[in-house]
Each structure stands twice: as structure tokens, then as C-alpha cells.
Amino acid sequence: MFGSGDEKPVDLLIVGGGINGAGIARDAVGRGLSVLLVEQHDLAAHTSSASTKLVHGGLRYLEYYEFRLVREALMERERLLNMAPHIIWPLQFVLPHSREQRPAWMVRAGLFLYDHLAKRERLPASKSVRFGLHAASAHPASNTLKPEYKRGFTYADCWVEDSRLVVLNAMDAAERGAEILTRTKLISARPEGAFWQAVIQSEDGREEQIAARALVNAAGPWVGEILSAKLGRNNAKTVRMVKGSHIIVKRLYEGAFAFILQNPDKRIVFAVPYENDFTLIGTTDIPYDADPATVAITPAETDYLCESVSRYFRVPVTPADVVKTYSGVRPLYDDHAENASAVTRDYVLDVEGGEGQPALLSVFGGKITTFRKLAEHALEKLLPAMGREPGAGWTATKPLPGGDMPGADFDAFVAGLIAAYPALPANILRRLARAYGTRATRILNGAQTLADLGEDFGGGLTAAEVDYLVAHEWARTAEDILWRRSKLSLHVPADAAERLAAYLNPPSAANPAERSVRQAG
Ligand SMILES: Cc1cc2nc3c(=O)[nH]c(=O)nc-3n(C[C@H](O)[C@H](O)[C@H](O)COP(=O)(O)OP(=O)(O)OC[C@H]3O[C@@H](n4cnc5c(N)ncnc54)[C@H](O)[C@@H]3O)c2cc1C
């Protein structure tokens, strides 16, 4: 076991517990490699919890001729839907159209390509719509599109709980034998013979030496820093950091569909139904060169997002309506495009080593949507550099933890859960089903009443769920639980974070954070 003084080398040392590191860990351990993943903060602490949360082909990338990426992403949508039907679900998009925008024939041609670049079984094809009676413009009790928007299009993509997708990949990797160490940082690594000799450091300052046959640099916005500062490399490939921000407002409109809104600057902004009571609006594309850990929205970005939506809606959105914001840094591969929106969203995998040298794989770019294919391609490149056969990919058909529902039928699963727990509120059961899928029963554990689930922190969060998150999902702090394992910070009372922190760190008992360092997943 790592960290116990055992010097046995590991096959892969993965740096970064975002979606790409977690996805590669899962795929690699399933191919028989021994894997250690280190994440300096929490899982999905950075870009992988700051996305727009769409599993999408990326309609706008067609304009940049990114056909490879769009096709791969479109194919992934239905695969991921089947692997994790609890945290991924279909979402309809409404695209209002007016004369000042891209011509209708161009949008129609783009949507035709979008419909046909990859096979679809569950997601419907795009359509032209006259808004007339559509809820987008005719809902009696809701903010709606301005009357001048009379026509548009609809198409389908999917929604994903991004940070939960990361955790589920890490859990699956751990259940197959990987070791996942959060709050553990790579300090340095140098090649010595056929191995990397790496130094990792946990939050309390303890350092440990790890020998690894290959190193995976999946550090997202830090990929360049790992190469230069930790490995002393002068890499030709570089990362282009592009900030993107979101605002969350009280629910802007009725309806389960999202809007894709075209802006005069040719960018698009999404408005998406969020957490029942809210609307998520984003994003921006701003070149960024400061510390990725401290990225935050500026007033100018908030204004831009408010204006983007207000251009379309009868009742405008103003900065005063903003309930919460978040920002992330896209770690894009630098293709030297002129503006930040045009930089490729495709990924580049750089492999070095082989022939007596330990292998190094660095990940540049990528989307949440394409993480599974990225991991497959990463192992297809890395294993030969380690002198091994890559073997066949296996992840396309294996459900993620909690996703093993018959026919990937989420509604049937929820109905069954509500029938099995008649005394518990249906809205709480539905939320647990969305978050944990079939694993929800491990939290409920036969509870007859809400009181059986222990202390109530508000918003439906109980001690039973917190204990599960600490024991199985590497949760250590109130923020891990309220913002990354769930979005309950939008729903709990103001004192919940403090109460939760006290529960997680009781003054007398052993620190649960310490208990969670080594967990089976
Ligand atoms: C605003 C925005 C919107 C987006 N929307 C979408 C979308 O809707 N759909 C989609 O598919 N994609 C979207 N993306 C893209 C997607 O979010 C990213 O491509 C993806 O999350 C990158 O994941 P990653 O694992 O490479 O990086 P990260 O998630 O940043 O993970 C890298 C990790 O490495 C860790 N690390 C760094 N240095 C060290 C070290 N020395 N030791 C240990 N750990 C270290 C960091 O702490 C970090 O957690 C969006 C991105 C942004 C910014």
C-alpha cells in the first residue's frame, strides 16, 4: 500500500483528480495496471466542477470545422447516458432565431450535420419551430422570449453533474484496485532508470517517495507547470488558459428546456434549468494567465451574461438577480488561434519515453463529454511506450457506480425507490436517486422515517448521506459536500455549512477527515 513505506513501484502515477485523471485511472486499472492518483485539493476541485455541465457535440464547433471532435462527442452522448443515467440526462435546447444572426439556412445545415454525424437511439432529431404556443414564448406564468422571436429550432444534447462524474470515475477506479489520494500534491518527479522517482506531499506536510513506471500529467490548467516546475521539462506543446464564468439566478422561465442564445459577437450563451429553482447562465471566454486556483468572475463578465440573456427575454436579468457565480479555466491546447473562442476544444496527448526511459503522458485540452474516449486514446498511446500491449478498451459499456439500472431507465428506478420507502418524502428520494443512483439504498439502508437518517442539516441533507460521502466519496469538508458532491449549498439554510463543518470535525472524536484518507471507495 502506498504511503505505508512499501516501496513496490506502481505502473501509473496519475497527477490530477479532474475528469481526465479520474477517467484515465478507471480505464487503466480495468486493463490490469496498478494505479495511484494524486489530487492536490478535492476531486473535481477546479475545471471539472466549473463547466456548463453539458454532454454535447458542441454545435458551435462545426463553424471551426472541428468535425472529428464533434463526431466523437456526439457518439459519447448516448454511451454516457447508458453508463450513468442518474447523473446524465437528455436536455432539449431551444435556439431562437432572428434576421440579424447567422442565416437560418446555415443553422439548419449545422443541425442537419449534428443530427447525422453520429448514430442516435435515445436522443430526438432537431426541428424547426414556430414559437406561437411553445412554452418558450407563450407560458402564462413565466418570463418568456420577447415577441419579436417568432421562429427558431430545437435539438437535443445531455446534461451532466460534472463533479459527480469525476467522483464516480474515481470510485469505480478505487473499487477495481486503484489508490486515490486527495489533498496530496506532486512535488517533483525525475526519471531514474526505467522508473519515475516522484515525491508527493499530503496536506499535513508529510512527504513520500513513489516509484512509477509511467507518469500521467492530467493536471488541467497546471499541465504546463507540472512539466516545467515539477519535472524540469521544456515542452514544445503549451496550454492556453481561457477563463469561463457562469452566473446562477432564480428560475428565469418555466419549462424543462435550455436556451442557446446567439450574441452579436458571434458567441453563444446557454441558459439552462438548474437545481429546480434556478437558471444557470454561461459562459464567457477570457484569456487568463493568473493562478487557476483563484479564478473568479469580473463585473464585466456578469454584465455580459446578463445582457446576453436580457436581449432575448421580456423581463431582463440584472446583476442584482445573481445568486451565485463560479468560474473555471479551460486548459486548452495552444493552437495559436487569434481569439480565445476560436482555440481548439479538441485534445492533444503527448507521450514521451520508452526504450529504457519511463513513459510520460501529458493531457492538453479535452471536454467533460469526451473524457472516456480521451482515456482510451491515452492508454492506447501510453501502453506501447511502457512496452505493453494496449489491449481492448472496456469502458464503453460498463456502468459507473450507481448507474446499473435495468434498461438505464431512471424514472422506473425512482418509482421503485419511492414504492420501497413510502414513509420518506418523494423529493428527497428523487434527489438521492439522481445523485447516487442504485447506491442510494446504501444511504437509506432500510430507513423507515427521516429521523432514521440522523441529524438533518436542511435541504434534505442528513447525517446518513454525509457519512456515506465521507466513507465512499473522499468528502472531507463542508464545501466538498455542499458544492461538489451535491449542489445543496443552493438549498440549505445559512448555518448549514457551519453545522456540517462541526459534524465533520467534532472537537473530541477522531477527525473524520483522517478516517477518510484510506477508503476502499
Ligand atoms: C467555463 C467552462 C465551461 C465548460 N463547459 C463544458 C461543457 O459544458 N461540456 C464539456 O464537455 N466540457 C466543458 N468544459 C471543459 C471541461 O470542463 C474541461 O475540459 C475538463 O473539466 C478538464 O478536466 P481536467 O481533468 O483536464 O482538469 P481539472 O478538472 O482542472 O483537473 C486537474 C486537476 O489537477 C490537479 N493538480 C494540479 N497540479 C497538481 C499537483 N502538483 N499535484 C496533484 N494534483 C494537481 C488540480 O488540483 C486539478 O483538480 C468547460 C470548461 C470551462 C472552463
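All values reported here derive from a predicted model rather than from experimental measurement. (Residues numbered from 1 in each chain as written. Predicted model: local features only at pLDDT ≥ 70, side-chain atom pairs only at ≥ 80, totals over all residues. Heavy atoms only, no water.)

## Digging into the environment of Leu482
Residue placement: Leu482 occurs in helix α13 (residues 478-485). The exposure class of Leu482 is buried, given its relative accessible area of 6%. With residues up to four places along the chain from it excluded, the contact list for Leu482 reads Leu461, Lys487, Leu488, Ser489, Val492, Ala497 and Leu500. (Helix = DSSP H or I, 4+ residues; strand = E, 2+ residues; numbered from the N terminus. Buried < 20%, exposed > 50% of the residue type's maximum accessible area, 1.4 Å probe, protein only. Contact = heavy atoms within 4.5 Å.)

## Brief notes about the pairing of strand β14 (residues 278-282)
With respect to burial, β14 is a largely interior element, 5 of its 5 residues being buried. The side-chain alternation of β14 yields two buried faces, one formed by Phe278, Leu280 and Gly282 and the other by Thr279 and Ile281. In this structure, strand β11 (residues 239-250) lies alongside β14, joined through 5 bridges in antiparallel fashion. Bridging from a neighbouring strand, Ile247 pairs with Ile281 of β14. Where strand β13 (residues 268-274) and β14 come together, 5 bridges link them in antiparallel fashion. Across the sheet, residue Ala271 finds its bridge partner in β14, namely Ile281. The antiparallel pairing of β13 with β14 creates a hairpin that spans 3 residues between the two strands, and Glu275 there sits at a positive phi of about 50 degrees. (Pairing = 2+ DSSP bridges.)

## Quick notes on the packing of aromatic side chains
Applying the stated criterion to the full structure yields 16 aromatic pairs. Ring geometry for Phe457 and Tyr503: centres 5.5 Å apart, planes at 75 degrees, overall edge-to-face. Taken together, the positions of Phe457 in strand β19 (residues 456-458) and Tyr503 in helix α14 (residues 496-504) put the pair 46 residues apart, joining distant regions of the chain. By relative accessible area, which is 0% here, Phe457 ends up buried. Aromatic rings pair up to connect Phe93, Tyr114, Tyr155 and Phe270 into one cluster. The cationic tip of Lys324 hangs over the ring face of Trp483; the distance from NZ or CZ to the ring centre is 4.3 Å. (Phe/Tyr/Trp six-rings, centres within 6.5 Å; stacked < 30°, edge-to-face > 60°. Lys NZ or Arg CZ within 6 Å of the ring centre and 35° of its normal.)

## What about the nonpolar core?
Among the nonpolar cores identified, the biggest contains 88 residues, and Leu12, Ile24 and Ile88 are the most heavily contacted of them. Setting aside anything within four residues of it in sequence, one finds Ile88 in contact with Val55, Leu80, Leu81, Cys158, Trp159, Val160 and Leu165. Ranked by size, the runner-up nonpolar core spans 31 residues in total, among them Phe93, Leu117, Ala118 and Leu490. (Core = buried A, V, L, I, M, F, W, Y, C linked by side-chain atoms within 4.5 Å.)

## Considerations on the pairing of strand β9 (residues 195-202)
Here β9 lies mainly inside the structure; 6 of its 8 residues are buried. In this sheet, β9 lies alongside strand β8 (residues 184-192) in antiparallel orientation, the contact comprising 8 bridges. Residue pairing across strands places Thr184 opposite Ser202, the latter belonging to β9. Between β8 and β9, which pair antiparallel in sequence order, lie 2 residues; one of them, Gly193, sits at a positive phi of approximately 60 degrees. Note that β9 and strand β10 (residues 207-217) share 6 bridges and pair antiparallel. Among the inter-strand pairings, Ile200 is bridged to a residue of β10, identified as Glu208.

## Some remarks on the site of the ligand
In the region of the ligand, 39 residues are neighbours, and Glu39, Ser48, Leu54, Gly366 and Thr369 sit closest. Contact between the ligand and Thr47: an oxygen atom at 3.0 Å from a side-chain N or O atom of the residue. A distance of 2.9 Å separates a nitrogen atom of the ligand from a polar backbone atom of Leu186. Computed on the free molecule, the ligand has an accessible area of 1,000 Å², of which 98% lies beneath the protein chains in the complex. Those elements that place two or more of their residues in the shell around the ligand are α1 (19-30), β8, α6 (223-230), β11 and β16 (322-333). (Near = heavy atom within 4 Å. Polar contact = N/O pair within 3.5 Å; in protein donor to acceptor, adjacent residues only side chain to side chain. Areas by Shrake-Rupley, 256 points an atom, 1.4 Å probe, with all protein chains shown as cover.)

## Considerations on unusual backbone geometry
With glycine set apart, most residues show a phi of negative sign, and most peptide bonds adopt trans. A cis amide bond links Gly282 to the next residue, Thr283, at an omega of 20 degrees. Of note, Thr283 is situated in the loop between β14 and β15 (286-287). Phi at Ala44 is positive, roughly 55 degrees, even though this residue is not glycine. Mapped onto the secondary structure, Ala44 falls in the loop between β2 (35-38) and β3 (54-55). Positive phi, normally seen in glycine, also occurs at His336, with a value near 65 degrees. Residue placement: His336 occurs in the loop between β16 and β17 (348-354). A relative accessible area of 65% places His336 in the exposed class.

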